[in-house]
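Survey of secondary and tertiary structure
Letter by letter, the chains look like this.
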Amino acid sequence: MKTIKYILLSFMVCVLFSCTKDFLDRKPIDFLAPDNFKTENDIKEAVNGIYRAYISDKNEPIYTDFIVDNGYFPDYRDMWNRTYNNETSYIVNKWTRDYKMILRANTVLAYIDNVKLSETAYKQYKGEATFLRALAYFDLSFFFGGVPMRLKPEGLEEASKAITPKAEIVELVLKDLEDASEMLPKSYAASEKGRATKGAALAIKARVLLYNKRYEEAAAYCAKVKALSYYKIMPEYKTMFLPEGEADNLETIFDMQFQTNALPQGLSNSWYDRFYLFSGYQVSHDLYEQFYSTNGLSINNTANKLYDPSVRVSDLVSPSNYVKNGGYDNRFQNRDPRMHFSIVTPYTIDSYDKTTKAPGVFYPTDKKAANLTSFRVRKYVDYTNYNVPGISGVNPIIIRYADILLMEAEALVEKGGYDEAYVFSLINQVRQRASVMMPKVETAEGSGLSAQTLRDIIRHERRVEFAFEGLRLNDIMRWETGAESHKDLKGFNPAKLTKFVSTGIVYEVTTALQRTAFDASKGYLWPIPKTETDANKLIK
């Protein structure tokens, strides 16, 4: 059963504001009016309304992996090509969602002192509101730079507000996160799991510091998360991204909470539909190549004798009993296990019959009209949804312990003067979870490595560890590696990957879509939406 029941039923009894088309949605729906803040339950429902705003854009954050070099989806083409403008819906949606969160958080913070609460409840709810406001301002500052700083409930008469420089927004975020970490509990009862915790505040603060190149402080805050002695690397990679693995998951520090089969209440998402029922979400061949062989070598490394590109035609074609029993074609064997946990490669299982539980096989030729790369997404696909759309209860992860380890490693390398063995140990903890067991750094890459080599190792590890978790775009933006990451979409030609011996199997790498040239002059920040600049007369 899903936790953090912050929307189901409770909002059916809320006193609601009417919906407006105001550019900042300053009259939030699904949110108690301040005049009705009289009891602890009222405050709790108001805090729950901030969480609801947070999950209101169900594209976030996963979709951003499909506007960079990890994949593609036709609806995101303008974002993928970087031909977006200040009216592009995904840019407008991010701005709107974040300011909706900020308004709701500001409302709680402005009125919480008027309600009689126990000290424990007061600190928790104030901490949650403060944390969620920081999360929204961090998102805004990272994607837009300087933005209007709004710290109290505002009406239309206060629509115009000047841009506050990014540095000041970041300082507000850091202060809010520090304050939240001092108020929030380390954990909750199972029925409240999913709310912001002390660890979440410290972890997001580490991320903010790293993204703003404050490396020594970032490493220190990663150490603070570790010092809680609460989080750990979970042995099973696959189940971290499915409802079946939630109850015992001590790796996830903060995520977006959804519930299986709760579409009418707005508590389910559609990632099962998008990744399985649809075929338009395409994984790039470039990402596929990043999953090395289990000896730690790239499949493009001529010294890699473990990689075998020969084809098991008779085993793969229909009826594909070899595949249905868990077999892979040769080129997909002996690969980083995270590959098969994250993506569906040709001729692998990607469905199960609801009644018989018999597995179904992915034949790329069957999807060639919609899928041009012959790869699909497996991560976050709950096959127990059995072809029913709109009921997925997977929780998109915002930050987890593996990120703490890799952020600390990155911060130490960027800071300089690091202990190589210690940095290796951080990376190795991620590589060597029980279900992955990729070679240690000292085994695969050696020792006495340059800072640049270590930097490349960490960046590669991030890409394969966090595929489809909405972090790839962030990494490209903060590393400013757009020119090298802005690639054409390539894949295996699905027309050549057929299901019959007579038509054969050929892995032909083709360019599925060409990208417009990378325009460095455009920079990495997104434009402030036109809806905001039209309404806010102090933004020029």
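Keep in mind it's a predicted model, so treat the numbers as computed, not measured. (Residues numbered from 1 in each chain as written. Predicted model: local features only at pLDDT ≥ 70, side-chain atom pairs only at ≥ 80, totals over all residues. Heavy atoms only, no water.)

1. Focus on the overall build of the chain
Helix and strand counts for the chain stand at 19 helices and 12 strands. Here the C-alpha atoms of the chain give a radius of gyration of 24 Å, agreeing with the 24 Å that 2.2 N^0.38 yields for 540 residues. Projected onto the principal axes, the alpha-carbon positions of the chain cover approximately 75 × 55 × 50 Å. Partitioning the contacts of the chain with sequence separation of at least 6, the portion at a separation of at least 24 is 73%. Carbon and sulfur atoms make up 52% of the accessible area of the chain, which totals about 21000 Å². Averaging the locations of the 70 positively and 68 negatively charged side chains of the chain gives two centres separated by 2 Å. (Helix = DSSP H or I, 4+ residues; strand = E, 2+ residues; numbered from the N terminus. Rg over C-alpha atoms; globule rule 2.2 N^0.38 Å. Contact = heavy atoms within 4.5 Å. Areas by Shrake-Rupley, 256 points an atom, 1.4 Å probe, with all protein chains shown as cover. Lys, Arg positive; Asp, Glu negative; His and termini not counted. Charge placed at Lys NZ, Arg CZ, Asp CG, Glu CD.)

2. Some points on the packing of aromatic side chains
Evaluated as defined, the whole model comprises 41 aromatic pairs. With 6.2 Å between their ring centres and 85 degrees between their planes, Phe144 and Trp526 make a pair best called edge-to-face. On the criterion of sequence distance, the pair formed by Phe144 in helix α4 (residues 119-144) and Trp526 in the loop between β12 (509-513) and α19 (530-535) is long-range, its members being 382 residues apart. Judged by relative accessible area, Trp526 falls into the buried class, the value being 5%. Between Trp271 and Phe275, the ring centres sit 5.0 Å apart and the planes meet at 35 degrees, which makes this aromatic pair tilted. On the criterion of helical spacing, the pair formed by Trp271 and Phe275 is a turn pair, its members being four residues apart in helix α8 (residues 271-277). A single burial state applies to Trp271 and to Phe275, both of which are buried. In textbook terms, an aromatic cluster arises when at least three aromatic residues are bridged by ring pairs, as seen for Tyr84, Trp95, Tyr99, Tyr137, Phe138, Phe142, Phe143, Phe144, Tyr211 and Trp526. (Phe/Tyr/Trp six-rings, centres within 6.5 Å; stacked < 30°, edge-to-face > 60°. Buried < 20%, exposed > 50% of the residue type's maximum accessible area, 1.4 Å probe, protein only.)

3. Notes on the side chain of Thr252
Positionally, Thr252 belongs in strand β4 (residues 252-255). There is a polar contact of 2.9 Å between the side chain of Thr252 and the side chain of Asn249. (Polar contact = N/O pair within 3.5 Å; in protein donor to acceptor, adjacent residues only side chain to side chain.)

4. Remarks on the packing of helix α16 (residues 451-465) against helix α17 (residues 472-479)
Close contact between α16 and α17 brings their axes to 10 Å; oriented N to C, the two are set at 155 degrees. Here α16 lies roughly antiparallel to α17, going by the angle between them. Facing Arg459, Arg462 and Arg463 of α16, the residues of α17 in contact are Arg472, Asp475, Arg478 and Trp479. Along the lines of polarity and charge, the residues of the contact of α16 with α17 split into one nonpolar, no polar and six charged. (Axes fitted to C-alpha atoms, helices over the stretch in contact; angles between N-to-C directions. Parallel < 35°, antiparallel > 145°, perpendicular 65-115°, else oblique. Nonpolar A, V, L, I, M, F, W, Y, C, P; charged D, E, K, R; others polar.)

5. A few points about the confidence of the model for the chain
Parts of the prediction with low pLDDT should not have their coordinates interpreted in detail. Averaged over the chain, the pLDDT score is 93; the fraction of residues at 70 or greater is 94%. Low confidence marks residues 1-29, where pLDDT is under 50. Its contacts with residues over four positions away, or in another chain, come to 87 contacts. (pLDDT = per-residue confidence, 0-100.)

6. Let's talk about α16
Under the 1.5 Å per step criterion, the end-to-end length of α16 is 21 Å for 15 residues, consistent within 8% with the ideal 21 Å. Inspection of α16 places Leu454, Arg455, Ile457, Ile458, His460, Glu461, Arg462, Arg463, Val464 and Glu465 among the buried residues, and these make up the whole buried set. (Expected span 1.5 Å × (residues − 1).)

7. Points about the nonpolar core
Membership of the largest hydrophobic core comes to 154 residues, with the highest contact counts inside it found for Phe131, Tyr137, Phe254 and Trp526. With sequence-adjacent residues up to four places away left out, Phe131 is seen in contact with Leu177, Ala180, Leu184, Ala196, Ala200, Ala201, Ile204 and Phe254. (Core = buried A, V, L, I, M, F, W, Y, C linked by side-chain atoms within 4.5 Å.)

8. Digging into the pattern of salt bridges
Going through the model one piece at a time under the given rule, you end up with 43 salt bridges. Across the pair Asp350 and Arg376 runs a salt bridge, and its minimum N-O distance is 2.8 Å. Remark: Arg376 occurs in strand β9 (residues 376-377) and Asp350 occurs in strand β7 (residues 349-352); sequence separation between them is 26 residues. In this structure Arg376 comes out as buried when scored by relative accessible area, which is 1%. Ionic pairing is found between Asp366 and Lys499, a salt bridge with its closest N-O pair at 3.3 Å. Residue Asp366 is located in the loop between β8 (359-361) and β9, and its partner Lys499 is located in the loop between β11 (489-492) and β12; the two are separated by 133 residues in the primary sequence. In the salt-bridge network here, residues are joined through shared partners; they are Glu251, Asp336, Arg338, Lys379, Arg400, Arg431, Arg433, Glu445, Glu461, Glu465 and Glu469. (Salt bridge = Lys/Arg side-chain N within 4 Å of Asp/Glu carboxyl O.)

9. Re unusual backbone geometry
Following Glu60, the chain continues to Pro61 via a peptide bond in cis, the omega torsion being -15 degrees. A cis amide bond links Ser318 with the next residue in sequence, Pro319, at an omega value of 15 degrees. Positive phi values are uncommon outside glycine, yet Arg82 reaches one of about 60 degrees. With respect to the element layout, Arg82 can be found in the loop between α2 (77-81) and α3 (89-111).

10. A short note on the environment of Ser310
Turning to its location among the elements, Ser310 is positioned in the loop between α9 (285-290) and α10 (313-316). A residue is classified by how much of its surface remains accessible, and Ser310, at 34% relative accessible area, is partly exposed. Between the C-alpha atom of Ser310 and that of Leu454, which follows or precedes it by 144 residues, the distance is 33 Å. With residues up to four places along the chain from it excluded, the contact list for Ser310 reads Asp329, Asn330 and Arg331. Only 2.8 Å separates the side chain of Ser310 from the side chain of Asn330, close enough to count as a polar contact.

11. Considerations on helix α1 (residues 40-54)
Between its terminal C-alpha atoms α1 stretches 21 Å, which fits the 21 Å expected from 15 residues at 1.5 Å a residue. When α1 is considered as a whole, its buried residues turn out to be Asp42, Ile43, Glu45, Ala46, Val47, Asn48, Gly49, Ile50, Tyr51, Ala53 and Tyr54. For α1, the secondary structure elements touched by its buried residues are α3, α4, β4 and β10 (397-400).

12. Details of the side chain of Arg335
Here Arg335 is to be found in the loop between α11 (321-324) and α12 (337-342). Buried charge Arg335 goes without a salt bridge, the closest partner of opposite sign being Glu289 at 7.8 Å. There is a polar contact of 2.9 Å between the side chain of Arg335 and the backbone oxygen of Phe291. Residues within four places of Arg335 in sequence aside, it is in contact with Tyr288, Glu289, Phe291, Tyr292, Ser293, Thr294, Ile299 and Tyr307.

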